[in-house]
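# Structural characterization, general
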Amino acid sequence: MAIRNPADSTDLRKAILKGVYDENLRIDSMVPDPVTARRRRRRSRIGNPVLLSVLLLVAASSLAGFLASWNPAEVAEPVAVDVPAEPESPQITTVEVKVPVPVPYAVPSAPPRPLFVLKPPEPVEKMVEVDFSREKLLDYSLILNNSQVRLSSLFGLDVQTIIIDPGHGGRDPGAIGVMGTKEKNIVLDIAKRLRDRLQESGRYNVILTREEDTTMSLARRVEFANAGRADLFISLHVNALPQQKVNLIETYYYGPPSDIETLKLAEQENRGSGIKNRDFENMIKKIGNTFKEQESATLATAIQHSLFTNVKKYDKDTADAGIKIAPFVVLLGVDAPSVLVEISCISKKQEELKLNLPAYREEITTFLAEGTVRYLAKRNLQIVKGEEHDQKGRGKSS
Amino acid sequence: MTKKAAAKAADEKIIVGIDLGTSRSAISASNGKRTWVDSYVGWPRDFIARKVVGSSILFGQEALEHRLSLELYRPLKNGVIKEGTARDEEAVKELIHHLISLVQTKKTSTEKVRAVVGVPAESFKVNKVALKKAVAEFAESLLVVSEPFAVAYGVNALDNAMVIDIGAGTVDFCIMHGTVPSEEDQRTVLTAGDFIDQQLFNFLEERYPDSDFNLNMVRRFKEKFSFIGEADRAVKVDIPVDGKPTKHDITDELRRACESILPAIVESTLELIAKFDPEYQDIIRQNVILAGGGSQIRGLDEYLENVLSEYGPAKVHLVDDPLFSGADGALALAQDMPAEYWTDI
Ligand SMILES: Nc1ncnc2c1ncn2[C@@H]1O[C@H](COP(=O)(O)OP(=O)(O)O)[C@@H](O)[C@H]1O
Ligand SMILES: [Zn+2]
């Protein structure tokens, strides 16, 4: 085939070749020289937990204000980090950090600060399998953004903004039942109900990505959620299957290969000699993504469980597809923990009929709300003791 | 790396372009040889297995066939080397070594190899250091580039063009505007060939719960009959039911599975193009190049062209040889690379 550029491309080629060369020189400068690398690695073979301590160490200095005002005595029980004995680290996490290399279990800067780590939440029930094996990490970005944060905010656990995303809309009807019921309308109605329900408690600020029957790209939804600083993101959909007898309920979350984050982290570190504040922030964000993934899984578990067990009571032909990992653009892009729920299955005739009844939609709303609230409650339970004295909500300042 | 390489005479050198794929890796060499293997690497599980397979390492189809005796790796499965898996890195290394050995005529020493290796865009972003380290010992000098960029270079689409490389684990997008593409010019989505296979498998399982098929069979159906839009004729395949080959109509399932990757492709394409000034958008839109195994889905080019046409004039091209467009592009790049650049790398 011939894609020729109108102009003679010799110069262009030259420039591009030079570019490839330069880029590779840059990469080469990041490839540790085998000899020194080996020596260095022996001293600082840094796995995730240790890396975390290093980060904390750096954080500690910039957080003097916060730490000074914080009385550890009020915290009943320091929780130790669960450090695997032999951290399995990717080879390239060799890091040159200009701080004393800490050993696991001890944050080297005196006085020892308790590290808070969320206990892995137990799966709601056996029915769904979630991998909680990796240790939990907190959303430390809050620390960075605000040195005056209070405890509960420090843990990023007081959810403020829930964004509900009714799928499809406008030109995109989504799935359509044989009677002509459209997914976009059903999910919009349920989204509104869910918003009203969650808002009753007064604890959450709930926003919909669309209020009307309007077309909205996935990218736009992502943008919206991130701009709105969502703390939770729930996308609502209705399934349609070729097989018409079953009502399949399933919940998705996006699980990017966890390795990307870790490797990015490593690469970041390889780049500079010292850790600059901005790099540090970036790293923290990457850790935050692990947090997002795990929280998304937990949220998905809670919603799926509540929805499925309850709907099943009405209709024994309800199938539990469990929680799944899938590369939905909207789940990937949103910074906050996010899930996509297929709340019902419009290809089943009775189900389509029921979806047209406000009472049934209200019912589904209840189940969704229950799952969400259960998740939030559980998450709050995991806050280390000492939260009571800290009732101030986190401002939207960050 | 030392400078000793610079001293050697250039005429003995072999220059290679390698496309390190999620499912298939290809190599094109300056001596005219071209070949590919499935991106599988397997080591015998124990010494008995070692005896059975008769080798300390196996590649491609051979590795797949002996998978029960092997620890099998597909090192770039999702476009990146996985965390904490030294073995995956090792597998990448062996794979490249193997590819190079396939095109070397006499057992020339590896010192004389100059290579450009194209890797999935995401892997380039994330793993370039690891990749380079993994390959360093097999070549005198080596450059890594992102795979869609290698394709673009190979078809001379250097300016105002866009490559969409539809592989097994990833679809890689890359916009060219006269420079080496930056991260913003590139994008990766994970709904690619493997995703179609999985979808098709699910659909078929639903429709034919009693039939006996697996992912490999499903992939073969796809590779033979893939299409989107209107079917020319019904697609019927043999699938065993109770051990007896039976004809199954899979037309609808196949279409739906193939079409399942379209939304993400369309969206990414539109978004990447939209970042440019409108006048450039028009040019880029008419210079869209489909590459990778997935570009062979019948009707895909036409479909994309139609969608893009809603935004202005559009033209979608297919590369001539999706199997080798990456390796050939990498080779072209390697051959065009001025000698003085090589010596420093
Ligand atoms: N005719 C075809 N139609 C659809 N998909 C195909 C066809 N031929 C190959 N593929 C798919 O293309 C993918 C491999 O493409 P390739 O460019 O080699 O990927 P990678 O670079 O990721 O290894 C596989 O998913 C394969 O099933
Ligand atoms: Zn939907």
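Cut-offs used in this document
Residues numbered from 1 in each chain as written. Chains lettered and ligands numbered in written order. Predicted model: local features only at pLDDT ≥ 70, side-chain atom pairs only at ≥ 80, totals over all residues. Heavy atoms only, no water. Helix = DSSP H or I, 4+ residues; strand = E, 2+ residues; numbered from the N terminus. Buried < 20%, exposed > 50% of the residue type's maximum accessible area, 1.4 Å probe, protein only. Areas by Shrake-Rupley, 256 points an atom, 1.4 Å probe, with all protein chains shown as cover. Near = heavy atom within 4 Å. Polar contact = N/O pair within 3.5 Å; in protein donor to acceptor, adjacent residues only side chain to side chain. Nonpolar A, V, L, I, M, F, W, Y, C, P; charged D, E, K, R; others polar. Domains from an automatic or database assignment. pLDDT = per-residue confidence, 0-100. Contact = heavy atoms within 4.5 Å. Pairing = 2+ DSSP bridges. Axes fitted to C-alpha atoms, helices over the stretch in contact; angles between N-to-C directions. Phe/Tyr/Trp six-rings, centres within 6.5 Å; stacked < 30°, edge-to-face > 60°.

### Section: the overall build of chain B
Across its full length, chain B holds 14 helices and 15 strands. The buried share of chain B, reckoned over its 345 residues, is 57%. As displayed, chain B offers around 14,400 Å² of accessible surface, 49% of which is attributable to carbon and sulfur atoms.

### Digging into the site of ligand 1
Residue and element names in this part refer to chain B. Near ligand 1 lie 17 residues; those nearest to it are Thr 22, Ser 23, Lys 222, Glu 223 and Ser 226. Lys 222 has a polar side-chain atom sitting 2.7 Å from an oxygen atom of ligand 1. Between ligand 1 and Ser 226, the relevant distance is 2.7 Å, taken from a nitrogen atom to a side-chain nitrogen or oxygen of the residue. Top element by residues in the shell around ligand 1 is helix H8 (residues 215-225). It accounts for three residues. Here the residues of the shell around ligand 1 sort into three nonpolar, 10 polar and four charged. Shared between two domains, the shell around ligand 1 holds at least three residues of each, these being domain 1 (13-39 + 71-154 + 325-344) and domain 3 (193-259).

### Observations concerning the confidence of the model for chain A
All names here are of chain A. Of all residues in chain A, 50% have pLDDT values of 70 or greater, and the mean over the chain is 62. Here residues 33-157 is a poorly scored stretch, pLDDT under 50, and it has 198 contacts once near neighbours within four places are set aside; other chains count. In this model residues 256-288 is a low-confidence stretch, pLDDT under 50, and it forms 69 contacts with partners more than four residues away in sequence or in other chains.

### Some details on the sheet that holds strand S4 (residues 41-44) of chain B
All names here are of chain B. The strand order across the open sheet formed by three strands is S5-S4-S6, and the pairing between neighbours is antiparallel. Each edge of the open sheet carries a strand with a single partner, namely strand S5 (58-59) and strand S6 (70-73). Note that S4 and S6 share four bridges and pair antiparallel. Paired with Val 41 across the two strands is Tyr 73, which belongs to S6. Most of the contacts of helix H4 (residues 86-103) go to S4, to which it runs at about 110°, and overall it touches S4, S5 and S6.

### So, the packing of aromatic side chains
Inspection of the entire model under this criterion finds three aromatic pairs over all chains. Relative to Tyr 341 of chain B, the ring of Tyr 21 of chain A lies with its centre 4.2 Å away and its plane at 10°, an arrangement referred to as stacked. Residue Tyr 21 of chain A is located in helix H1 (residues 10-30), and its partner Tyr 341 of chain B is located in helix H14 (residues 339-344); the two belong to separate chains. Judged by its relative accessible area of 14%, Tyr 341 of chain B falls in the buried class. Judged by centre distance (5.3 Å) and plane angle (75°), the ring pair of Phe 201 of chain B and Phe 213 of chain B falls under edge-to-face. Taken together, the residues Phe 201 of chain B in helix H7 (residues 193-207) and Phe 213 of chain B in the loop between H7 and H8 connect sequence positions 12 residues apart. Given a relative accessible area of 11%, Phe 213 of chain B falls into the buried group.

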